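# Chains, contacts and geometry: an overview
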Amino acid sequence: MFMLWISPQMGKQVVAFLAAMEIMAEQFPGAFSGYSLQVLESHQAGKLDTSGTAKAVISCFQKLGVSFDMDQIQMIREPKQQLEMVGVPEEHLSGHAFHMYHLTSPDQTVSFEFQHNVCGRSIYAEGTVDAVIFLSKKVQSKADKRIYNMIDVLREGNMR
């Protein structure tokens, strides 16, 4: 039995946040029209590319009416800035994912902040274990569906 797994993010709670953002974007398009967005993301110094999670959240904000170019993302990779500016604990400089999104109304009277910070990598390991258990059950039950992702794991609700 051949199954395909597609998921750029294995942290279950982060996936749930992304799913909630997608639902909000679908149900309330344009709700943040005219708002400005600032995005800061910090990862360990060895991560060279921009966070895929940040790009996915920004995509939702764009659907909500926010004008934002991906090259405006402030990427922090320098450990001193991560400690002093972002607040990453020193013991997690080699493995973390901090994301901050700040929305401001056109007249500067309203602001919203969304933030999700991960120290270490256990959240990804836990999600991976749940995904393996999920797939094992699908194989055992001879499921017809062949392509799965972390949303499928979340919907099943049998997470540890």
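One structure accompanies this document, and this report is about it. (Residues numbered from 1 in each chain as written. Predicted model: local features only at pLDDT ≥ 70, side-chain atom pairs only at ≥ 80, totals over all residues. Heavy atoms only, no water.)

Within the secondary structure, H116 sits in strand β5 (residues 111-119). A distance of 3.1 Å separates polar atoms of two side chains, one belonging to H116 and the other to Y101. Not counting chain neighbours up to four residues away, the residues in contact with H116 comprise V14, F17, T53, V57, A97, F98, H99 and Y101. (Helix = DSSP H or I, 4+ residues; strand = E, 2+ residues; numbered from the N terminus. Polar contact = N/O pair within 3.5 Å; in protein donor to acceptor, adjacent residues only side chain to side chain. Contact = heavy atoms within 4.5 Å.)

Once that is clear, we can look at the packing of helix α1 (residues 12-27) against helix α4 (residues 122-140). Closest axis-to-axis distance for the α1/α4 pair is 8 Å, and the angle between their directions is 85°. In terms of orientation, α1 and α4 fall into the roughly perpendicular class. Contacts from K12, Q13 and V14 of α1 reach α4 at I123, E126, G127 and D130. Partitioned by chemical class, the residues of the contact of α1 with α4 number two nonpolar, two polar and three charged. (Axes fitted to C-alpha atoms, helices over the stretch in contact; angles between N-to-C directions. Parallel < 35°, antiparallel > 145°, perpendicular 65-115°, else oblique. Nonpolar A, V, L, I, M, F, W, Y, C, P; charged D, E, K, R; others polar.)

On to the environment of N149, then. By the element assignment, N149 lies in the loop between β6 (147-148) and α5 (150-156). Residue classification places N149 among the partly exposed positions, given a relative accessible area of 28%. Each C-alpha atom of the pair N149 and A131 lies 8.2 Å from the other, and the pair is 18 residues apart in sequence. (Buried < 20%, exposed > 50% of the residue type's maximum accessible area, 1.4 Å probe, protein only.)

Let's shift gears to the packing of α1 against helix α2 (residues 52-63). Remark: α1 packs on α2, axes separated minimally by 8 Å, with the N-to-C direction vectors making an angle of 15°. The angle between α1 and α2 places the two elements in the roughly parallel class. Handedness of the crossing formed by α1 with α2: left-handed. The segment α1 lies against α2, with V14, F17, L18, M21, E22 and A25 engaging T53, A56, V57, C60, F61 and K63. (Left-handed = near helix turned anticlockwise from the far one by under 90°.)

What follows concerns the pattern of salt bridges. Within the structure shown, the criterion is met by six salt bridges. The partner of K47 in a salt bridge is D49, with the nearest N and O atoms 2.9 Å apart. We classify D49 as partly exposed; its relative accessible area is 46%. A salt bridge links K145 to D152; the nearest nitrogen and oxygen atoms lie 3.0 Å apart. According to the relative accessible area criterion, D152 is buried, its value standing at 14%. (Salt bridge = Lys/Arg side-chain N within 4 Å of Asp/Glu carboxyl O.)

Here is a general trend for soluble globular proteins: nonpolar side chains tend to be buried in one another's company. The biggest cluster of nonpolar side chains holds 23 residues, and the ones touching the most others in it are L37, V39, F61, V66, F68, Y101 and L103. For this core, the secondary structure elements donating two or more residues are α1, β2 (36-43), α2, β4 (96-104) and β5. The greatest single-element share of this core, amounting to five residues, is contributed by α2. Residues contacting V39, with those up to four places away along its chain left out, are I58, F68, Q72, I73, Q74, M100 and Y101. Counting eight residues, the second largest nonpolar core, distinct from the first, contains V15, F134, Y148 and V153. (Core = buried A, V, L, I, M, F, W, Y, C linked by side-chain atoms within 4.5 Å.)

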